[in-house]
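These are the residues of each chain, in order.
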Amino acid sequence: MAKRNFDDEFGFQTRAVHTGNDVDSETGAIKRPITMANSYELPYDPSDLNWSSAGKNLYTRNGGSNQQYLQEKLASLEGGEDCVVLASGVAALSGLFFALLKSGDHVVFSSVTYIAVYRLLNELLKDKFGVETTIVDTTDIEKVKAAIRPNTKLIHIETPGNPTLSISDIEKIAELAHANGALLSVDNTFASPFNQRPIELGADFTVESLTKYINGHGDAMGGAIIGKKEYLDIIRAQSQINLGATISPFNAWLIMRGSVTLPLRMKQHNENALKVARYLKTVKGVSFVAYPGLEDHPNHDVAVKQMKNGFGGVLSFGLKADHDTYNRFVTHLKVITSAVSLGHDESLIVFLGENDERQYLYPEEFHNGFFRFSVGIEDAEDIIEDLRQAFEKEKLL
Ligand SMILES: *Cc1c(COP(=O)(O)O)cnc(C)c1O
């Protein structure tokens, strides 16, 4: 039985449930199975086979069926032509950069990005492979414009940016990139395709850490690049087959399963984070709250324009307190866990100290240490009460 094409006719939630799933032809199971085999039976005469092809029935490093089902769903949810799923978000980012950039090319990227982007572009690709890089505050379109050179091949932005929640205007930067013969990639991890779809806003590539909201349960790592097939075929050949960043079938299956509830979870993340952000604004000992859903966020209007369903579950805030108080505050929390990562079902908080080498790129309020808080899908009242009792113990109310 063939399923209908879910891409054209159905809404986001229906596609999150159905796209990439089908009845298993062998057993009749209404969920596709996990295929854990490393290798596949060869045809009678294998001598013509291309050992570097990404066909699924050859060798699992070249691609497997669970990966392909997930790719089908993510291409649909992000509104792109094709998708490559790899072992982690960083594998997706490095896959994109290695495929697009060569020695002598120039790349412009956001001053607020995931740390591995900074290492890849500003250290590894620059120092080892001669790629030119410019770091820019991409919330300011004039600064982006001024940074473009004749050899600019790629602009890479992250919005909302980790960890300051800065917002860059995807539509305007896409226009600027294309007018100058460059491509635009957007790290969409903080928003997820439920809140924001960069390709629909003109971007050439969307990158996602599937480890975060798309899997959503904190138990599997993965990454994805969504965009045009002509580029993704190159990424597949390089990153997956020749650099070996293939996702395991089990992780692809877990992420496929987790992604079914992405719209439901995002609604709760959006709602809870806004409530927590508003609560934090009322606390005397809180020095600042950064959340794009707050009216006083410096780019709130751009966030409203491009984030259609909400502003995500991550916020950052500071305390009018010293380093020791920051650490003690965390030990009082009972619902919220002190751990890195974000976009999990549970609330996670991390104290980012005063010694970040990239601090000079952040707004001033971030310079004395702050918390990045990934608000989970627990009851908002319980999250707020957990914060309140911890503030009380440190006399911050
Ligand atoms: C976590 C994260 C990544 C990296 O993803 P991994 O799956 O940990 O490799 C990339 N970008 C952003 C914005 C992230 O938060």
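Structure first, text after, so check above.
Quantities reported herein were computed from a predicted structural model and do not represent experimental measurements.

Asks: Sorry, what's going on with the pattern of salt bridges here?
Replies: If charged atoms from side chains of opposite charge come close, those side chains can pair. As enumerated under the stated definition, the model contains 19 salt bridges in all. A salt bridge links Glu357 to Arg119; its shortest N-O distance comes to 2.5 Å. Placement of the pair is Glu357 in the loop between β11 (348-352) and β12 (370-374) and Arg119 in helix α5 (residues 115-129), with a sequence separation of 238 residues. When its relative accessible area of 42% is taken as the criterion, Glu357 is described as partly exposed. Judged by its relative accessible area of 31%, Arg119 falls in the partly exposed class. Among the ionic contacts, a cluster of salt bridges with common partners joins Asp82, Lys229, Asp233 and Arg236.

Asks: How do you make sense of empty space enclosed by the protein when you look at a structure like this?
Replies: Unoccupied space between atoms shows up once a probe the size of one water molecule is rolled over them. A full pass over the atoms with the stated rule returns one cavity of 30 Å³ or more. Volume-wise, the largest cavity comes out at about 40 Å³. In terms of lining, the largest cavity is formed by Thr60, Gly63, Gly64, Ser65, Asn66, Gln67, Thr246, Ile247, Ser248, Pro249 and Ala252. Those elements that place two or more of their residues in the lining of the largest cavity are α3 (65-78) and α10 (249-259). When residues of the lining of the largest cavity are assigned to their parent elements, the largest contribution, three residues, is made by α3. Its residues assigned to classes, the lining of the largest cavity comprises three nonpolar, eight polar and no charged.

What counts and how
Residues numbered from 1 in each chain as written. Predicted model: local features only at pLDDT ≥ 70, side-chain atom pairs only at ≥ 80, totals over all residues. Heavy atoms only, no water. Salt bridge = Lys/Arg side-chain N within 4 Å of Asp/Glu carboxyl O. Helix = DSSP H or I, 4+ residues; strand = E, 2+ residues; numbered from the N terminus. Buried < 20%, exposed > 50% of the residue type's maximum accessible area, 1.4 Å probe, protein only. 1 Å grid on protein atoms, 1.4 Å probe; cavity = no way out; pocket = protein on both sides within 12 Å on 5 of 7 lines; lining within 4 Å. Points joined across faces, edges and corners; volume = space filled by probe spheres on them. Nonpolar A, V, L, I, M, F, W, Y, C, P; charged D, E, K, R; others polar.

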